[in-house]
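# Residue-level structure breakdown
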Amino acid sequence: MKKIFGIYRKYMFRPMLYKTVTKFVVCIAIVLLWDRYLNTGGFPVAEYGCFCVGGIVALLAWFEYLRLDGMVVHHLNEDIRKKKKERHRSKDIADFVDEKIVSYSELEPEERALCRLLSDLLCGGLLLIPGFVSLLF
C-alpha cells in the first residue's frame, strides 16, 4: 500500500478521471445492450447487469493491483531488459509558471497502472453500489 501512495501525484487526477468516465460510459452501454438484446428472463438491470459488469471491472482492478505489486506476464517476443527513459527535469522557477496539463500518454508505466487501478476501483464501485442496493432491498 505504501508503494501506491508513493506513486500517486496530484497531476494524475485528470487522466484518472478521464479513464473513469470513459469506462463508466462503456460499462453502462454494455449493461443497456445486455438488457435490450440478451435479457430474455426479464432480470432487473441494476441487480444483475450492473452487479456483473461492476464485478468484472473490480476484477480488472485486481489485475492492475497485481501488476503494481510486481507480477508481470512476459511475452515470448518481448525484451525483458528494456531501458527506462529518463525524464528531463529542469530546476528553473519559470518552468512552473505555465504548467501544462499532463495527459495519460505522458505518464510513466507505473503511473499509468495506478491510474488504471484507481479508475477501475471507482468505476467498479459506482456499478456495484446499485447492484448491492437492489440485492438488499
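Residues numbered from 1 in each chain as written. Predicted model: local features only at pLDDT ≥ 70, side-chain atom pairs only at ≥ 80, totals over all residues. Heavy atoms only, no water.

### As for the side chain of N39
Rules: Numbering of helices and strands runs from the N terminus; a helix is a DSSP stretch of H or I covering at least four residues, while a strand is a stretch of E covering at least two. Residue burial is assigned from relative accessible area. The probe radius is 1.4 Å, only protein chains are included, and a residue is buried under 20% of its type maximum, exposed over 50%, and partly exposed in between. Throughout this description, a polar contact denotes any pair of N or O atoms lying within 3.5 Å of each other; where both atoms belong to protein, one of them has to be capable of donating a hydrogen while the other can accept it, and for residues adjacent in sequence the pair is counted only when both atoms sit in side chains.
Looking at the secondary structure, you find N39 in the loop between α2 (13-38) and α3 (45-69). Accessibility expressed as a relative area gives 13% for N39, which makes it buried. Among the polar contacts made by the side chain of N39, one reaches the main-chain amide nitrogen of G42 at a distance of 3.3 Å. Within the local environment of N39, its side chain forms a polar contact with the backbone oxygen of F43, the two atoms lying 2.7 Å apart.

### Quick notes on the UniProt feature "transmembrane region" (unreviewed entry) in the protein chain
Our working definition: UniProt positions are given in the numbering used here, feature names are shortened, and annotations may be inferred rather than shown by experiment.
UniProt annotation of "transmembrane region" (unreviewed entry) refers to residues 21-39 and 45-63 when read in the numbering used here. Segment residues 45-63 splits into 100% helix and 0% strand. End C-alpha atoms: 26 Å apart.

### Observations concerning the packing of α2 against α3
Going by this rule: Helix axes use the C-alpha atoms of the stretch in contact, all axes being lines fitted to C-alpha atoms, and the angles between their N-to-C directions lie in the range 0 to 180 degrees. Each angle receives one of four descriptions, namely roughly parallel if under 35 degrees, roughly antiparallel if over 145, roughly perpendicular if within 65 to 115, and oblique otherwise. If you view the pair so one helix is near and one far, a crossing is left-handed when the near helix is turned anticlockwise from the far one by less than a right angle, and right-handed when it is turned clockwise. Here, residues are in contact when the closest pair of their heavy atoms is within 4.5 Å. Polarity classes work like this: nonpolar for Ala, Val, Leu, Ile, Met, Phe, Trp, Tyr, Cys and Pro, charged for Asp, Glu, Lys and Arg, and polar for all others, with Gly in that last group.
With their axes 10 Å apart at the nearest point, α2 and α3 run at an angle of 135° to one another. Taken as axis vectors, α2 and α3 run oblique relative to one another. Note on packing geometry: the crossing formed by α2 with α3 is right-handed. Along its contact with α2, which presents C27, I30, V31, W34 and D35, the element α3 presents V45, Y48, G49, C50, V53 and V57. Looking at side-chain class alone, the contact of α2 with α3 contains nine nonpolar, one polar and one charged residues.

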